[in-house]
Amino acid sequence: MNLLLYGAPGSGKGTQANMLRSHFGIPHIATGDMLRAEIQAGTDLGRQAQPILAAGKYVSDDIMIGIVRHRLGEPDCAPGFIMDGFPRTVPQAEALDGLMTELGKRFDRVIYLQVPVEELLHRLSGRLVCPACQRTYPPVTTACEADGSPLVQREDDKPEAVRPRIEIYLEKTVPVLDHYRGGGLVSEIDGRGTIEDISRQVLAAANVRVVKRQTA
Ligand code: AP5
Ligand code: MG
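These remarks concern the structure in this document.

The rules behind each value
- Residues numbered from 1 in each chain as written.
- Chains lettered and ligands numbered in written order.
- Predicted model: local features only at pLDDT ≥ 70, side-chain atom pairs only at ≥ 80, totals over all residues.
- Heavy atoms only, no water.
- Helix = DSSP H or I, 4+ residues; strand = E, 2+ residues; numbered from the N terminus.
- Expected span 1.5 Å × (residues − 1).
- Bend = angle between axes of the 7 residues up to and from the residue.
- Buried < 20%, exposed > 50% of the residue type's maximum accessible area, 1.4 Å probe, protein only.
- Contact = heavy atoms within 4.5 Å.
- Pairing = 2+ DSSP bridges.
- Axes fitted to C-alpha atoms, helices over the stretch in contact; angles between N-to-C directions.

1. Quick notes on helix α7 (residues 159-181)
- Its 23 residues place the ends of α7 32 Å apart at the C-alpha level, agreeing with the 33 Å of an ideal helix rising 1.5 Å per residue.
- Where α7 bends most, at L170, the angle is about 45°.
- Within α7, the full set of buried residues consists of A161, V162, R165, I166, I168, Y169, T173, V176, L177 and Y180.
- Against β1 (2-7), α3 (44-54), α5 (90-103), β4 (109-114), α6 (117-126) and β7 (186-190) lie the buried residues of α7.

2. Description of the sheet that holds β7
- Strand order in this open sheet of 5 strands is β2-β3-β1-β4-β7, and the pairing throughout is parallel. The sheet is open, and its two edges are formed by β2 (28-30) and β7, each paired on a single side. Between one strand axis and the next, the sheet turns through 20° on average, direction left out of account.
- In this sheet, strand β3 (residues 81-84) lies alongside β1 in parallel orientation, the contact comprising 4 bridges. Directly across from L3, in β3, lies its bridge partner I82.

Take a look at the structure:
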């Protein structure tokens, strides 16, 4: 099962990807998490990416396509994967089409979590993350449920980076949805409501596709 989670910053992609990873036992490929791991490890890529993420801008298409190409070739992706945060531009979407064809894979479903901008701003300003495993939590939580680490605020959730992130999403990432709409793969889900309620809808969207493929 290959799933693509699509939505604005703060729409709940990471939250739902964690649920899907546990449910289906397939890896969560989150390009933002991968970049933050590079920053934490102090690699050349991390040093290059750090000011870009902090300003809420996008890392170049060439770098991102290279990262995803390498990751999708790893053996744990063979049974399927959950893609989160990529593609974010039309050139990335076109490159991913080519990559999926090369690998003999296709997406079973594109799940679009739709959340209004005011709600995104509210969620991002209160979000806490685990610095060890990158799971995200609403403001009421104090420690990571998975590993007990004290939670922190993400550098790009500071007010000066949140608006630029939404603006670049509207400009560069909204057109990516049209790229997938033509294929009839997109399930639009109203991303407002409890996390559990959204999870039920996300699972229903993912499973509908599986059932259709099995009975076709
Ligand atoms: P990335 O890490 O992908 O960030 P993002 O797309 O901005 O998305 P977020 O992680 O902020 O939000 P989310 O949708 O995962 O929401 P979450 O589940 O945490 O990318 C970061 C940066 O890396 C980019 O800005 C860019 O610089 C760079 N980058 C990454 N990929 C790139 C690419 N392909 N090309 C170029 N650059 C790239 O939820 C948010 C909050 O809401 C949490 O507190 C959560 O608990 C809460 N929440 C979740 N669901 C609900 C609900 N139903 N009700 C109430 N609260 C909820
Ligand atoms: Mg995320």
